[in-house]
Amino acid sequence: MLPRKITDKIHLLGAIDWDRRLFDSLIPLPDGTSYNSYLIQGSEKTALLDSVDPAMSHVLMEQLESVGKLDYIISHHAEQDHSGAIVDVFANYPKAEVICSKHGLDLLRSHLSLPEECFKVVEDGETLSLGDKTLEFVYTPWVHWPETMVSYLLEDNILFSCDFFGSHIATTEMYVTNEGKVYEAAKRYFAEIMLPFRKSIQKNLEKIAELNIDMIAPSHGPIYSNPGFILNAYKDWLSDESKNLVTIIYVSMHGSTRSMVEHLVAELAERNIETAQFDLAVTDIGKLAINLVDATTLVIATPALRVGPHPLVVNAVYLASVLRPKAKIAAIIGSYGWGQRIVETIGPMIADLKLDILEPILIKGAPQQETFDRLKEMAQTIAEKHKQLKVGSTKHRLQKLPRS
Ligand code: FEO
């Protein structure tokens, strides 16, 4: 891919990673991803904003071949998918300064092999003149690492946001054209890495809202020429309001736990509660994470394997506890053969989430009418608690939001 013009002096560089299917050896990338880098050529100085994943460094280096001088390499975020190729860039432009935040310095030095004197730390709110272009650096910590910052190009009202507002999509479209598709991809990305830092990111969003932004240029996925679309989406995802949604994670080995899940889903539907059930043996955990952004109630359904919960359930519960979802209520259901210690295992894993945990329904063998009656009572309890909590509507949950 050749450098692509945004304006005469601003170009999109970087690499499209069509085939990447996992991030952090965990997060599914059904649509691949991109590592966007931006080149700003001011009347006096030239700056490269972020680099690319080291595996695709050669793509960026080819794009830079016609760039005679580089004065600054701006590193918004030290994670390797953006900082990894800085070493190669610096090797070609050894006089360039590597600009980073205070925390960025420590992280970049521990991740990259670069001389100490090449780094220049900028403060929150500091500006850098490129001649006729001026970058303002805005600290946005914990998106999703402690050092993260963004840059705002004053003359063009463009926010270079790195991971913030990003979406994992491999596409040759420079700008967002299909907001529905990007909405889900951006929400998946938000759920997987931003959700645990919701409170910090809320503050960052407020800080950014003070800027007059015409365009948001992230480091993953297409550029937002209608920034209100993604700013509104983030406002919703970051809010404390959870939705009228129950997320059920389950495994069933011989059908008993599945039967319990299906009865509970039917009873919840009777009460106009949206439910999403995820069979952990086959599910895409990204879809599960998206649902955890909104769910008020998390139901954990498991058979006993020996006497503990199924290992896939343990894995998903651990993931949910790491993501720190907005959920306020939890329930544990399932069946066992001869004995179980399911609550004793799962309970401590979700203790930090401070959930209102309902009376568990754990039965020996196949569910009978008495089990179904208890599941009906559980659905009624969930419905009453959702009402008390004044949960939000699920209307726009997986759709694009209206344009601002
Ligand atoms: Fe895209 Fe946190 O790296």
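Residues numbered from 1 in each chain as written. Predicted model: local features only at pLDDT ≥ 70, side-chain atom pairs only at ≥ 80, totals over all residues. Heavy atoms only, no water.

If you tally the helices and strands in the protein, you get 12 helices and 22 strands. Its C-alpha atoms give the protein a radius of gyration of 24 Å, within 12% of the compact-globule value 22 Å for 404 residues. With respect to the three principal axes, the spread of C-alpha positions in the protein is 80 × 40 × 35 Å. Residue burial in the protein is summarised as follows: out of 404 residues, 59% are buried. For the protein, the share of sequence-separated contacts (at least 6 apart) that also reach a separation of at least 24 residues comes to 73%. When the accessible surface of the protein is split by element, carbon and sulfur atoms take 50% of a total near 16,900 Å². Treating the 40 positive side-chain charges of the protein as one cloud and the 52 negative ones as another, the clouds have centres 6 Å apart. (Helix = DSSP H or I, 4+ residues; strand = E, 2+ residues; numbered from the N terminus. Rg over C-alpha atoms; globule rule 2.2 N^0.38 Å. Buried < 20%, exposed > 50% of the residue type's maximum accessible area, 1.4 Å probe, protein only. Contact = heavy atoms within 4.5 Å. Areas by Shrake-Rupley, 256 points an atom, 1.4 Å probe, with all protein chains shown as cover. Lys, Arg positive; Asp, Glu negative; His and termini not counted. Charge placed at Lys NZ, Arg CZ, Asp CG, Glu CD.)

Attention shifts here to the packing of helix 5 (residues 179-194) against helix 9 (residues 285-292). Between helix 5 and helix 9, the least distance of the axes is 8 Å, while the angle of their chain directions is 85 degrees. Compared by their axis directions, helix 5 and helix 9 come out roughly perpendicular. The segment helix 5 lies against helix 9, with Glu184, Lys187, Arg188, Ala191 and Glu192 engaging Gly286, Lys287, Ala289 and Ile290. Tallied by class, the residues present in the contact of helix 5 with helix 9 amount to three nonpolar, one polar and five charged. (Axes fitted to C-alpha atoms, helices over the stretch in contact; angles between N-to-C directions. Parallel < 35°, antiparallel > 145°, perpendicular 65-115°, else oblique. Nonpolar A, V, L, I, M, F, W, Y, C, P; charged D, E, K, R; others polar.)

Next up on the list: the packing of aromatic side chains. Counted according to the given criterion, the structure contains 10 aromatic pairs. Ring geometry for Phe164 versus Phe165: centroids 4.1 Å apart, planes at 5 degrees, classification stacked. An aromatic cluster is present here, built from Phe164, Phe165, Tyr183, Phe190, Tyr234 and Trp237 joined pairwise through their rings. (Phe/Tyr/Trp six-rings, centres within 6.5 Å; stacked < 30°, edge-to-face > 60°.)

The next point concerns the pattern of salt bridges. Applying the stated criterion to the full structure yields 19 salt bridges. Its salt-bridge partner being Lys187, residue Asp294 comes within 2.6 Å of it at the nearest N-O pair. You can see Asp294 sitting in the loop between helix 9 and strand 17 (295-301) and its partner Lys187 sitting in helix 5, a full 107 residues away along the chain. Each member of the pair Asp294 and Lys187 is classed as buried. Arg198 serves as the salt-bridge partner of Asp240, at 3.0 Å between the closest nitrogen and oxygen. Of this pair, Asp240 sits in the loop between helix 7 (227-238) and strand 15 (243-250) while Arg198 sits in helix 6 (residues 198-209), and the two are 42 residues apart along the sequence. Owing to a relative accessible area of 44%, Asp240 belongs among the partly exposed residues under this scheme. Residue classification places Arg198 among the buried positions, given a relative accessible area of 12%. (Salt bridge = Lys/Arg side-chain N within 4 Å of Asp/Glu carboxyl O.)

This next bit is on the environment of Leu288. When you line up the elements, Leu288 lands in helix 9. Measuring from C-alpha to C-alpha, the distance between Leu288 and Arg188 comes to 9.0 Å, with 100 residues separating the pair along the chain. Leave out the neighbours within four places in its chain, and Leu288 touches Thr247, Ile249, Phe278 and Leu280.

Each strand in a sheet pairs with another by means of backbone hydrogen bonds, the pair being arranged parallel or else antiparallel. The strand order across the open sheet built from seven strands is 1-2-5-6-7-8-9, with neighbouring strands paired in mixed fashion. On the outer flanks of this sheet lie strand 1 (4-7) and strand 9 (119-121), each paired with one strand and no other. The sheet shows a mean angle of 25 degrees between the axes of neighbouring strands, taken without regard to direction. Note: strand 5 (residues 33-41) against strand 6 (residues 46-49), four bridges, orientation antiparallel. (Pairing = 2+ DSSP bridges.)

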